[in-house]
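Residue-level structural notes
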Amino acid sequence: MMYLYAARNFSTLVGLASPEPMANMYDAKYFRATWVLTALDAGFWTAMKIRKKWIRDIASLVFSLFYLIAAERADEKVRKVRGALTVEHLRVSWNKGTTPYLRAVQNLMRPRFTRWPPRAIRIPRPSTSDYKEPVSAWLYYDGPISDLEHINKMILDIPGGGFVAMDPRCNDDKLFAWAGKTGLPVLSLDYKKAPEFPYPYALNECFDVYTTIIRSKGRCIGMSGMEIPKVVVTGDSAGGNLATAMTLMIIESATNQRQSLVQAELPVPVGLVLLYPGLDMNIGNWMSDEQMSLIKDRRMRVTNKDYLRRKSMQYNDLVGTPHQSDDEDEEPSGLAAGAKSSKSDSAADENRLRKPHPEYSHANRQTWAKSKPSTPVSGGDTKSMSHRPEPMRTRLAMASMISYFNDRVLTPEMMRAMIILYIGPHNRPDFSQDYLLSPILAPDFLLQKFPKTYFLTGERDPLVDDTVIFAGRLRRVKQAFHSQRASQGMEGLDDITDFDEKEVAEVVLIPGISHGFTQFPSLYPPAWKLIDRCARWAVDLHNTAEMRMKREQQNMSRRHHVRTESSGDEDRPLEINMTKMRPRTISDEAKAKAKSKSKGHESAGDESEVDKPNGNSKRRKSNGKSGFGQKSKSFVKLDSSDDLLGRRMQGLAGPLTGAHEED
């Protein structure tokens, strides 16, 4: 076999072959992993027509070994199959990790993270759901189920697979690592797949599971049920779409639109971890000005530097002129002005906050773009009838789905097949309005309450635009919301004077890699570090939520403490009508009280105060009138024969004017 490989690849071994174009596009380790994946896809697709399963499993490995040697034949086979994809091709390709032989190899190469195997469980539906069939899931936890009674934190994972394939067991590497690294239970959903269960069945399953976890206070997975568990939601690829849409449904459940269907408001997850999510179901060719304005945001230049450079150099690469002006990276003034005007009009235009935003999607622009009359004649030149181009706002750039259409993992043909299968033959959604299908369209009022989100995506991923644009929208909406509340002097900003973008979203773009890298860490070893990073993010989200809850409890207790310890100067006027009116003479008892108060041992006159055994009572805080060198005197009892209004005014103004000292 070695001689056969050397004979077929002699030109490559001696350095006479032309370089592989795709090899320069990817990192060397990632390209090597995709080379193995391509051979496996070609081998499994070649053997998929064999009826007997045990023969088909063996033949798949034999053909895969052949395609590892004949790499060109493997590329040709995969190219032909992807040109006429079916749901069976997708499932054979993405579920190959569950075949017995590949699973055995995978288990041998995976480090041992937990001592306990995953458990298959079924989550019941809530009473508010239209469906009654329980949802299947797998629970990954390094310990017995009885230990969950002492845990109130968890991770809810929604696996990807193009909505048509891949159950949680296809992600054993990632889920075992998370369960072992975090020590938390990881519940991964085995939601129903399309086309048998088209949109929005899987989304409703995810929402129902979250609702059941909250309503049962975790008893559905073995928790004590004493308190509502804190949940971090994760999702990769199509699972990232479902995780984001589910979070939007949770936020929307608190509004009037769905309030009648939900018994009580659902708490929002403490955070999200999204891995190369697919957030836009519109496959478009060109980037809009609004999308480019989010990408070119000055605050994101460090993160988007290489990504933006490739966007801007698409034309230069074709022409062969590498020069690029630095001014082209600046945000256009027209877009900046538009952003300022929208901020000033946001308070008046409440409907705009509740409308989807198709300008950030690849939806058909004819359905949402403002129609502008064609002006072939330029200003001042009334004789010319030539057509003039519109002033450039942003450099022309293609969408990442088209830029990387030759991707070795995810191609436009596969995306087209997945979207058609997910929507189904009896559904016709509005691609420019349905933000539960394409969360990138989400209205601003939902994004204002969106929890902190971590994004992890490869820079060469065809879905990288979705990550950058959605993260940019989160930052822009939350910054505008923060500025609005700060300008109105509203409370609830957690004493934060400056807006911190890291509290909204953090984006990590991995150079040189594409899609699905966490699903084959055995072939791509650097993925283990990325999986560990996601585990740390989940722990950080839980720790941040716990610190925030403690801070809120301290603030509430402090406000309650200040409210209950009001001064006597505030309470005494309320006692005028409650006490028995006496002549305006100070009795011995009152003199003794005044004397004791001048020494700082008497409180504000609360009748429920209990003196200490030594005869001294604890001095309470006043409203600031005492403690600056002046003696604080209490109000005296007023004569009932005087005018009621006059007595009240004298009692209020006496300490200020000093009139009561003359008596």
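Numbers given to residues run from 1 along each chain, matching the order in which its sequence is written. Under the rules for a predicted model, residues below a pLDDT of 70 receive no local features and side-chain atom pairs below 80 are neither given nor counted, while totals for whole chains, interfaces and linings still include all residues. By convention in this description, side-chain values take in all heavy atoms of the structure and omit both hydrogens and water.

1. What to know about the overall build of the protein
Counting its regular elements, the protein contains 24 helices and eight strands. Partly exposed describes any residue whose relative accessible area lies between the buried limit of under 20% and the exposed limit of over 50%, with all areas from a 1.4 Å probe on protein chains only and scaled to the type maximum. By the burial criterion, 46% of the 663 residues in the protein qualify as buried. Contact definition: two residues touch when any of their heavy atoms are within 4.5 Å. Relative to all contacts within the protein whose residues are 6 or more apart in sequence, the contacts with residues 24 or more apart total 78%. Of the roughly 35,400 Å² of accessible surface on the protein, 55% is carried by carbon and sulfur atoms. Per the convention used, a helix needs a DSSP run of H or I reaching at least four residues, while a strand needs a run of E reaching at least two, with both numbered from the N terminus. Every accessible area reported is derived by Shrake-Rupley at a probe size of 1.4 Å, with residue values counting cover from the shown protein chains alone.

2. Digging into the pairing of strand E6 (residues 271-275)
Two faces make up the sheet, and in a regular strand the side chains alternate between them. Counting buried positions along E6 yields five of five residues, so the element is predominantly enclosed. Along E6, one buried face is formed by Gly271, Val273 and Leu275 and the opposite face, lined by Leu272 and Leu274, is buried too. Sheet topology places strand E5 (residues 230-236) next to E6; five bridges connect them, and they run parallel. Across the sheet, the residue bridging to Asp236 is Leu275, located in E6. The pairing of E6 with strand E7 (residues 453-458) spans four bridges and is parallel. Looking at E7, one finds that Val273 is bridged to Tyr454. When DSSP finds two or more bridges between a pair of strands, those strands are recorded as paired.

3. Considering the packing of aromatic side chains
Under the pairing criterion, centres of Phe, Tyr and Trp rings, with the six-membered ring standing for Trp, must be within 6.5 Å; the plane angle then separates stacked pairs below 30 degrees from edge-to-face pairs above 60, leaving the rest tilted. This structure, assessed with the given rule, holds 14 aromatic pairs. Summarising the aromatic geometry, the rings of Tyr276 and Phe517 are spaced 5.1 Å apart at their centres and angled 70 degrees between planes, so their arrangement reads as edge-to-face. Of this pair, Tyr276 sits in the loop between E6 and helix H12 (289-295) while Phe517 is found in the loop between strand E8 (505-510) and helix H21 (527-564), placing the two residues 241 residues apart along the sequence. Residue Tyr276 shares its accessibility class with Phe517, and that shared class is buried.

4. Observations regarding helix H10 (residues 201-215)
Expected span, for any helix, means 1.5 Å times one less than how many residues it has. Here H10 spans 21 Å end to end across 15 residues, near enough to the 21 Å set by a 1.5 Å rise per residue. Burial analysis of H10 places 14 of its 15 residues in the buried class, which makes it a mostly covered element. Of the residues flanking the end of H10, it is Lys217, one or two places downstream, whose phi is positive at about 55 degrees.

5. Topic: the packing of helix H4 (residues 28-47) against helix H6 (residues 71-83)
Axes are the key here: two packed helices are described by the angle between their axes and the distance separating the axes. Relative to each other, H4 and H6 sit at 60 degrees, their axes nearing to 9 Å. Crossing of H4 over H6 shows left-handed handedness. Contact residues: Trp35, Thr38, Ala39, Asp41, Ala42, Trp45 and Thr46 in H4; Ala71, Ala74, Asp75, Lys77, Val78, Val81 and Arg82 in H6. Under the scheme applied, nonpolar residues are Ala, Val, Leu, Ile, Met, Phe, Trp, Tyr, Cys and Pro; charged residues are Asp, Glu, Lys and Arg; polar residues are all the others, including Gly. Among the residues making up the contact of H4 with H6, the classes are represented as eight nonpolar, two polar and four charged. Axis geometry follows a simple rule: fit a line to the C-alpha atoms, using only the stretch in contact for helices, then measure angles between N-to-C directions, giving values from 0 to 180 degrees. Here a crossing is taken to be left-handed if its near helix is turned anticlockwise relative to the far helix by less than a right angle, and right-handed if that turn runs clockwise.

6. Quick look at the pattern of salt bridges
Salt bridges are identified by distance alone: a Lys or Arg side-chain nitrogen within 4 Å of an Asp or Glu carboxyl oxygen. Enumeration according to the criterion identifies 20 salt bridges in this entry. In this structure, the salt-bridge partner of Asp208 is Arg125, at a minimum N-O distance of 2.6 Å. Remark: Arg125 occurs in the loop between strand E1 (119-123) and strand E2 (135-140) and Asp208 occurs in helix H10; sequence separation between them is 83 residues. Across the pair, Arg125 and Asp208 agree in class, each one buried. The shortest N-O distance in the salt bridge between Lys192 and Glu205 comes to 3.9 Å. Highlighted residues: Lys192 in the loop between strand E4 (186-189) and H10 and Glu205 in helix H10, separated in sequence by 13 residues. The same class applies to Lys192 as to Glu205, namely buried. Residues joined by salt bridges that share partners form a network here, namely Arg125, Glu133, Lys192, Glu205 and Asp208.

7. Details of the sheet that holds E8
Whether parallel or antiparallel, the strands of a sheet pair through hydrogen bonds between backbone atoms. Spatial strand order, E1-E2-E4-E3-E5-E6-E7-E8: eight strands in an open sheet with mixed pairing. With one partner strand each, in any of the chains shown, E1 and E8 form the two edges of the open sheet. Looking at each pair of strands side by side, their axes are set apart by 20 degrees on average, direction ignored. Along the sheet, H10 makes contact with E1, E2, strand E3 (153-158), E4 and E5, crossing E3 at roughly 170 degrees. Where helix H11 (residues 238-252) meets the sheet, it contacts E3, E5 and E6, and its direction lies at approximately 140 degrees from that of E5.

8. So, the packing of helix H5 (residues 53-69) against H6
In the contact formed by H5 and H6, the axes pass within 5 Å of each other and the chain directions differ by 115 degrees. Counting all contacts with H5, which are made through Phe66, Tyr67, Leu68 and Ile69, the residues of H6 involved are Ala71, Arg73, Ala74 and Lys77.

9. As for the confidence of the model for the protein
Each residue carries a pLDDT value, the predictor's own confidence for that position, ranging from 0 to 100. In the predicted model, the protein carries a mean pLDDT of 77, and the fraction of residues at 70 or more is 63%. Note that pLDDT drops below 50 for residues 492-497; the model gives that stretch seven contacts with residues more than four away or on any other chain. Low pLDDT, under 50, characterises residues 566-642; the predicted model gives this stretch 78 contacts beyond four residues in sequence or across chains.

10. Examining a nonpolar patch on the surface
Every patch collects residues that have over 30% relative accessible area and no salt bridge, joining them within 9 Å if they carry like charges and within 5 Å if they are nonpolar side chains (Val, Leu, Ile, Met, Phe, Trp, Tyr). A cluster of nonpolar residues, Trp54, Ile55, Ile58, Val62 and Tyr101, forms a patch on the protein surface that exposes about 480 Å² of accessible area. Mapped onto the fold, Ile55 is located in helix H5. Looking at Ile55, the relative accessible area reads 31%, which means it is partly exposed.

11. Some details on the nonpolar core
Definition used in this section: a nonpolar core is a set of buried Ala, Val, Leu, Ile, Met, Phe, Trp, Tyr and Cys residues joined via side-chain atoms within 4.5 Å. If you look at the biggest cluster of nonpolar residues, it comprises 133 residues, and the most contacted ones within it are Leu90, Leu156, Ile158, Leu187, Leu242, Met246 and Leu456. When residues of this core are assigned to their parent elements, the largest contribution, ten residues, is made by H21. Contacts of Leu456, omitting those with residues within four sequence positions, involve Leu274, Leu275, Tyr276, Val508, Ile510, Phe517, Leu530, Cys534 and Trp537.

12. Comments concerning the pairing of E5
Within E5, six of the seven residues are buried, which leaves it mostly tucked inside the rest of the structure. In the sheet, E3 pairs with E5 via six bridges, with the strands oriented parallel. Counted as the bridge partner of Leu156 is Val233 from E5.

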